[in-house]
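Here are the chains, one letter per residue:
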Amino acid sequence: MLVVEAKFDGEQLATDPVGHTDQPEFATELAWEIDRKALHQHRLQRTPIKLQCFALDPITSAKETIGYIVLDLRTAQETKQAPKWYQLLSNKYTKFKSEIQISIALETDTKAPVDSFKAKGAPPRDGKVPAILAGLDPRDIVAVLNEEGGYHQIGPAEYCTDSFIMSVTIAFATQLEQLIPCTMKLPERQPEFFFYYSLLGNDVTNEPFNDLINPNFEPERASVRIRSSVEVLRVYLALQSKLQIHLCCGDQSLGSTEIPLTGLLKKGSTEINQHPVTVEGAFTLDPPNRAKQKLAPIPVELAPTVGVSVALQREGIDSQSLIELKTQNEHEPEHSKKKVLTPIKEKTLTEPKSPRVSPVPSHNQSPPTKDDATESEVESLQYDRDTKPNPKASSSVPASLAQPVTTSNASEVASGQKIAVPATSHHFCFSIDLRSIHALEIGFPINCILRYSYPFFGSAAPIMTNPPVEVRKNMEVFLPQSYCAFDFATMPHQLQDTFLRIPLLVELWHKDKMSKDLLLGIARIQLSNVLSSEKTRFLGSNGEQCWRQTYSESVPIIAAQGSNNRIADLSYTVTLEDYGLVKMREIFVSDSSQGVSAIQQKPSSLPPAPCPSEIQTEPRETLEYKAALELEMWKEMQEDIFENQLKQKELAHMQALAEEWKKRDRERESLVKKKVAEYTILEGKLQKTLIDLEKREQQLASAESELQREKKELQSERQRNLQELQDSIRRAKEDCIHQVELERLKIKQLEEDKHRLQQQLNDAENKYKILEKEFQQFKDQQNSKPEIRLQSEINLLTLEKVELERKLESATKSKLHYKQQWGRALKELARLKQREQESQMARLKKQQEELEQMRLRYLAAEEKDTVKTERQELLDIRNELNRLRQQEQKQYQDSREIASGKKDGPHGSVLEEGLDDYLTRLIEERDTLMRTGVYNHEDRIISELDRQIREILAKSNASN
């Protein structure tokens, strides 16, 4: 298949695939929408339009470049131009000059295309517009953003009397791994997946997540304010009847689903006036190319789904912003399969984006974080789950006694031991809020967490932010769950000394699922800075006077390895609250299920100490001894508590490991099921391919046998044709030899005739000699005898002359007959030669041409010699005849001189008649020889005949 891709202005379009033939026809129009200002800018910058031609394999979807074309945008005009042929550059087929016929033009949206196809607007789905909207065209009902009012107006202003809120909530997703085929290659780093949809022209995406098998993302609700009426809104929803939601990875859509919106406002329904109307459920996600790839259907239990809720309500009606989440872990016990009501993140798509001002964080709530998923303001209503409390720690250091505070997730207080806290200690609450990371100097994005530990606060366990957040260069990222508060009791000078000596080290870690966690850098926070900040007064829970000090700063994060270069900046806020002196109290200590201590404080009712002058107290009864004893007992109790905490942490870690193992096992099981299903499909395709290959092999075997059979038949036919050709050549040779023999016999016969005629000519010459002798004798006698004898002799000679003329005429006729026979023989010979040449040229091949030419040359030479000989003989005969005629003429002249004058007249007329007859015979002979086609005017015999004819004509003219 052939496909052409065109790229312009960052957007790439492609034609439909067509057959890979010598002259493919695409018949496709590719169009980009652009305003005149941008078009002018592109023309100034000479932005090219690049067209690439690919050969597409429909089975493997592999593309191979054939060539490309670069078009100049400045050649595009608004007037229609004739298409031009453009030659492909870097052509794959170097032996051919591949070209593509392209027409480039500009069209304005205001002009309607002439004689072009235009789709008609679809009528409303309800069949007709309500009566109250009779003058309103459904195509004019569109959503227009009113920035001043912060709402979308649907329909004309006179119909927009009510305000509505339309919200879309994406709650959960399952079996998303079924949307990724085995052939798809994901990014090497952690791929980010998110859901995308368009709500009234606003592009909305949820928080990205990384795990497709167990997608963990907070439900988010995107809301828009709408100004319209119920009837207009019903018509609009009938036109825009479906909402498409896509699961994306980067700029690629992995699957999509459609949520019908016509059920929100049913015809004749008034539910929206009492309560919000919703369309919700689990919708199946379909791959975008399922029909093209001919994928097998997925079972219902393995189908990828997404939980979506679309709600529409009037602006005055309040609705609960809690949605019911589906529990993902199906292998938990029955008592753990509960549905949690969780507040959602709400995205308001009509208000402009503004910077967030974080309120002062409380002890049991994390500060809000910045959401970059959409361009609109995001109001995050965080809700602490039971399974993820905010980290708090409470213990003590050797020089101080801890005073923990009860947290929100602490269990009930159990009976515990009593300890005493010296009255010289102060009750402090120290809180740390790691705000954000910015000014990253690392060239690649990181998934970071922050980790720190400060044993002075009573806990050596590390405190970490969670979940990991992605930080890129030149961006500021707020850290989730980064607030932690510590309650402890110590003396102020010891607190100051510790803060001055020991800084807080915050480690920056990069977490990667594919590799081990990497320590990137360490930030040093000098806690003594908070002691020099301004103190503010506030009242405690019991009305006592307390002091608070707050300090905010950005510190550099220094690289952990290599040179001590700054890699990022950390913004933090620390707060120190002093609740005053800790009096002598009895504290009941118990251990909670989460490892966080819960205490109860009760004032001790001690009797007034007697005066030392009255009673001398025992050493064991002194306050110092009791305090030391209580301190030792408290130390032992703290050791027991620490051991119990370690055991509980070990148990919690083992349970977490077991849960993680179960989770990984379920992931592997789902992956194995998916792979088995894919392998089953591939096995079916492979079996089909094997069957096709066997059929093809059988077809090839049959074709090969047929080819061998045809080859044998062709060889036998070739041998037969060759044998026939050889037989034809042999027969032609025999015919030629036979014809040559016949011609030789004819020539021999002609030679015999020639000898016979020669003999006759010799006899005539002898007779002539005898006659000449007799004539001489007659002359002599004439001179001696009288006149009568002379007259008789003249009569006798006249008779003899007549006889000789008769014989001469017969000789002339025989000569004419001989000439005619000779002409016929020449014609027959020429015809036979022509027939022989045609038959030889039709049957013989190129290898016989030279032999034929040699044979023709030989025959021509032989005939030429024969003709020359015959011509010479004929000339001799003619010369002899001419000589005889001249002698006769002399005799006639002599006899005319002797004879009387009366006889001269008839004799002259006879001589003239003889010249005319002789001239006629010469002309006939010349014409006969010319008609044979063997002679031409340049031949010697024809030239001689012409000469004789001219001489006779000259004599005849002279005699006249």
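Structure shown above.
Before going into details, it helps to say that this report is about the structure given with it. (Residues numbered from 1 in each chain as written. Predicted model: local features only at pLDDT ≥ 70, side-chain atom pairs only at ≥ 80, totals over all residues. Heavy atoms only, no water.)

1. Examining the pairing of strand S31 (residues 535–539)
At step 1: Sheet analysis places S31 next to strand S32 (residues 545–559), joined by 5 bridges and oriented antiparallel. The partner of Leu539 across the bridge, within S32, is Gln545. (Pairing = 2+ DSSP bridges. Helix = DSSP H or I, 4+ residues; strand = E, 2+ residues; numbered from the N terminus.)

2. Topic: the packing of aromatic side chains
At step 1: Tallied over the entire structure, the rule returns 18 aromatic pairs.
At step 2: Residues Phe209 and Phe217 carry aromatic rings whose centres are separated by 5.2 Å and whose planes lie at 25° to one another, so their mutual orientation is stacked. The exposure classification of Phe209 matches that of Phe217, with both residues buried.
At step 3: By way of ring pairs, the aromatic residues Phe428, Phe430, Tyr454, Phe456, Phe457, Phe486, Phe488 and Phe499 are connected into one cluster.
At step 4: Residue placement shows Lys63 over the ring face of Phe54; its charged tip is 4.6 Å from the ring centre. (Phe/Tyr/Trp six-rings, centres within 6.5 Å; stacked < 30°, edge-to-face > 60°. Buried < 20%, exposed > 50% of the residue type's maximum accessible area, 1.4 Å probe, protein only. Lys NZ or Arg CZ within 6 Å of the ring centre and 35° of its normal.)

3. Quick notes on a negative patch on the surface
At step 1: Together, Glu632, Glu636, Glu639, Asp640 and Glu643 make up a negatively charged patch on the protein surface.
At step 2: Locating Glu639 in the fold gives a position in helix H6 (residues 623–784).
At step 3: By relative accessible area, Glu639 is classed as exposed at 51%. (Patch = residues over 30% accessible without salt bridge, like charges linked within 9 Å, V, L, I, M, F, W, Y side chains within 5 Å. Areas by Shrake-Rupley, 256 points an atom, 1.4 Å probe, with all protein chains shown as cover. Salt bridge = Lys/Arg side-chain N within 4 Å of Asp/Glu carboxyl O. Lys, Arg positive; Asp, Glu negative; His and termini not counted. Charge placed at Lys NZ, Arg CZ, Asp CG, Glu CD.)

4. Brief notes about unusual backbone geometry
At step 1: Residues Asn466 and Pro467 are joined by a peptide bond in cis, for which omega reads 0°.
At step 2: Residue placement: Pro467 occurs in the loop between strand S25 (459–464) and strand S26 (469–471).
At step 3: At Ala439, a position not held by glycine, the phi torsion is positive, near 55°.
At step 4: Mapped onto the elements, Ala439 comes out in the loop between strand S23 (426–438) and strand S24 (446–454).

5. A few points about the pairing of strand S4 (residues 63–72)
At step 1: As defined by bridge partners, strand S3 (residues 48–56) adjoins S4 across 9 bridges and the pair is classed as antiparallel. When the bridges of S4 are listed, Leu56 appears paired with Lys63.
At step 2: The loop that links S3 with its antiparallel partner S4 comprises 6 residues; one of these, Ser61, has a positive phi angle of about 60°.

6. Quick word on the sheet that holds S4
At step 1: Spatially, S2-S1-S3-S4 is the arrangement adopted by the 4 strands of the open sheet, whose pairing is antiparallel. Edge positions in the sheet fall to strand S2 (11–14) and S4, since each of these pairs with one other strand and no more. Each adjacent strand pair in this sheet contributes to an overall mean axis angle of 20°, direction not counted. (Axes fitted to C-alpha atoms, helices over the stretch in contact; angles between N-to-C directions.)

7. Focus: the sheet that holds strand S14 (residues 252–260)
At step 1: Taken in spatial order, the 4 strands of this open sheet run S11-S10-S13-S14, and their pairing is antiparallel. This sheet does not close on itself; its edge strands, each paired only once, are strand S11 (202–205) and S14. The average undirected angle you get between the axes of adjacent strands in this sheet is 25°.
At step 2: Here strand S10 (residues 193–199) pairs with S11 via 4 bridges, running antiparallel. Note that in S11 the partner of Tyr196 across the bridge is Thr205.

8. Considering the pattern of salt bridges
At step 1: Counting across every chain of the model gives 40 salt bridges.
At step 2: A salt bridge links Arg709 to Glu706, with the shortest nitrogen-to-oxygen separation between them at 2.0 Å. With Arg709 and Glu706 both in helix H6, this residue pair falls 3 residues apart, about one helical turn.
At step 3: Ionic pairing is found between Glu828 and Arg831, a salt bridge with its closest N-O pair at 2.1 Å. Of this pair, Glu828 and Arg831 both sit in helix H7 (residues 787–843), 3 residues apart, which is roughly one turn of the helix.
At step 4: What makes Arg831 partly exposed here is its relative accessible area of 38%.
At step 5: Within the structure, one salt-bridge network assembled from shared partners comprises Lys815, Lys819, Arg878 and Glu925.

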